[in-house]
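Structural overview for review
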Amino acid sequence: MKKHASLPAALALALAIPGAAIAAPARAQPHDCRVRVEHAWVRWLPAGLPMGGYMSLHNGGTRTVALTGARSTGFDGVMLHRSMRRGGLDTMQPVAAVSIPAGGTVRFAPGGYHLMLMGAAAAVKPGARVRIELRFAGCAPQPVLFRVRDASGRP
Amino acid sequence: MRRTLLLFLLALLAACSHAPSPWQLTDVRGHLPDLRFHLTDDRGRPVTGASFRGKTVLLYFGYTHCPDVCPTTLAHLTVALQNLGPLAREVRVLFLSVDPGRDTPAVLHAYVRAFGPYIVGLTGTPAEIARVAKRYRVAYSYGKPNAEGNYEVSHSAAIFIFDARGRARLLADQQSTVAQLTHDLHLLVSRQRP
Ligand SMILES: [Cu+2]
């Protein structure tokens, strides 16, 4: 039963990244899963409001790696989001995946890509650290500790 | 004759635009309406534009379920206010919600307090908010709610700056640097001091 579970999962993954130039391997290949995550922080907001998560992702492998999602016990839901300007308006949209080219760096920074963190647990407050598991296609989930900063982004 | 007048006006305009401006942000004096509205503040009290006469006012349209662009802008403004030192007391940042469905005074209160003093949250009925937005030609729209009922709001991120008499003076946006904001606010506030 367990064996069969991987097929729908792989399908779902393939469907989630339409047109992406990524050959997702069926099994984790640690050699190509060398994403270094730095400057990981969360902007705390009060009143149960969604928070933004930021980081810098460096792909030290030889193939493009795609970040396809994230999860955390500190939040009810985590989405990949991007802020953009469209028709003179500022807006943000969910993104299915973010590709990090071999040797390249992608920054999740204010005004651009961010983790949209919804339904924070009470323990998520300025000064704390929260563990968020990043999902890269074809790789084992990668846990990362994010430092929680205050609303102004001060450490 | 007409042509001469036109040339004269053009020359005058060119001369004006070459005069050094003391402002680093966009000077909108005489081009935008005075600060005027009827809304509710984050303590649930009715307020109008006149409630803020005597203060230099920064008006920003946003919403609290906006964890990226809005807090980044408010954080910028907070640093600029800190740079002003005691002069910051003469300034108010008005964070006007374009999402009154979710932004109750209580939510707004918690939100603005998280950034510091001198920031006031404003909300109102959809019609009251639309009236202010129209006055400053600010656009906003709502996305489709997802399964959980959450929706995104698109909005223009301009920051309108008014002097202590409620006259529109400067226009900034999220690209404006803290240095530019600090410079112009310092100039504007110190000119109004008796
Ligand atoms: Cu977002």
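Counting starts from 1 at the beginning of each chain's written sequence and moves along it residue by residue. Chains carry letters from A onward and ligands carry numbers from 1 onward, assigned in written order. Local features in this predicted model are restricted to residues whose pLDDT is 70 or higher, and side-chain atom pairs enter the listing and the counts only when it is 80 or higher, whereas totals over whole chains, interfaces and linings include all residues. The side-chain values count all of the structure's non-hydrogen atoms but skip hydrogen atoms and water molecules.

**Quick word on the state of the cysteines**
In plain terms, two cysteine sulfur atoms within 2.5 Å form what is called a disulfide here. Applying the stated rule across the entire model yields two disulfides over all chains. A sulfur-sulfur separation of 2.1 Å characterises the disulfide bridge that pairs A:Cys33 with A:Cys139. Its S-S torsion of about -85 degrees marks the bond between A:Cys33 and A:Cys139 as left-handed, since a negative value means left-handed. In this pair, A:Cys33 sits in the loop between helix H1 (2-16) and strand E1 (35-43) while A:Cys139 sits in the loop between strand E9 (129-136) and strand E10 (142-149), placing the two residues 106 residues apart along the sequence. Taking the relative accessible area as the measure of exposure, A:Cys139 reaches 16% and is therefore buried. With its sulfur 2.4 Å from that of its partner, B:Cys66 forms a disulfide with B:Cys70. Taking the torsion about the S-S bond as the criterion, the B:Cys66 to B:Cys70 disulfide, at about 95 degrees, is right-handed. Since its relative accessible area comes to 0%, B:Cys70 is described here as buried. Helix and strand assignments follow DSSP, with helices taken as H or I runs no shorter than four residues and strands as E runs no shorter than two, numbered in order from the N terminus. For the exposure calls, accessible area comes from a 1.4 Å probe over protein chains only, and a residue counts as buried if that area is under 20% of its type's maximum, exposed if over 50%, partly exposed in between.

**Here's the deal with the coordination of the copper ion**
Residues and elements named next belong to chain A. For the copper ion, the full set of protein donor atoms is His81 (ND1), Met92 (SD), His114 (NE2) and Met116 (SD), at a range of 2.1 to 2.6 Å. Along the chain, the residues donating to the copper ion are arranged with the sequence spacing H-x10-M-x21-H-x1-M. Of this pair, His81 sits in strand E4 (residues 75-86) while Met92 sits in strand E5 (residues 89-94); the two residues are eleven residues apart in sequence, bridging distant segments of the chain. The burial state of His81 is the same as that of Met92; both residues are buried. Coordinating donors are taken as N, O and S atoms within 2.8 Å of the metal, stretched to 3.2 Å for Na, K and Ca; because water is absent from the atoms, sites can appear incomplete.

**Side note on the packing of helix H2 (residues 69-83) of chain B against helix H5 (residues 178-192) of chain B**
All names here are of chain B. A fitted line through C-alpha atoms serves as each axis, taken over the contacting stretch for helices, and the angle formed by two N-to-C directions is quoted from 0 to 180°. In contact at an axis separation of 9 Å, H2 and H5 are set at 45 degrees when each is read in the N-to-C sense. By the angle between their axes, H2 is oblique relative to H5. Between H2 and H5 lies a crossing whose hand is right-handed. Taken together, the residues of H5 that come into contact with H2 (itself represented by His76, Leu77, Val79, Ala80, Leu81 and Asn83) are Val178, Leu181, Thr182 and Leu185. Basically, the charged four are Asp, Glu, Lys and Arg, the nonpolar ten are Ala, Val, Leu, Ile, Met, Phe, Trp, Tyr, Cys and Pro, and anything else, Gly included, counts as polar. For the contact of H2 with H5, the residue count by class is seven nonpolar, three polar and no charged. An angle below 35 degrees is treated as roughly parallel, one above 145 as roughly antiparallel, one from 65 to 115 as roughly perpendicular, and anything else as oblique. In this scheme the crossing of two helices becomes right-handed for a clockwise turn of the near helix relative to the far one and left-handed for an anticlockwise turn of less than a right angle. Any two residues whose heavy atoms approach within 4.5 Å at even a single point are treated as in contact.

**What about the pairing of E4(A)?**
Walk down a regular strand and you will see the side chains alternate between the two sheet faces. Residue and element names in this part refer to chain A. In the sheet, E4 pairs with strand E8 (residues 113-120) via seven bridges, with the strands oriented antiparallel. Within E8, the position partnered with Arg82 by the bridge is Tyr113. DSSP calls a pair of strands paired once it identifies at least 2 bridges connecting them. Where E4 hands over to E5, the hairpin turn is made up of two residues, of which Gly87 adopts a positive phi near 60 degrees.

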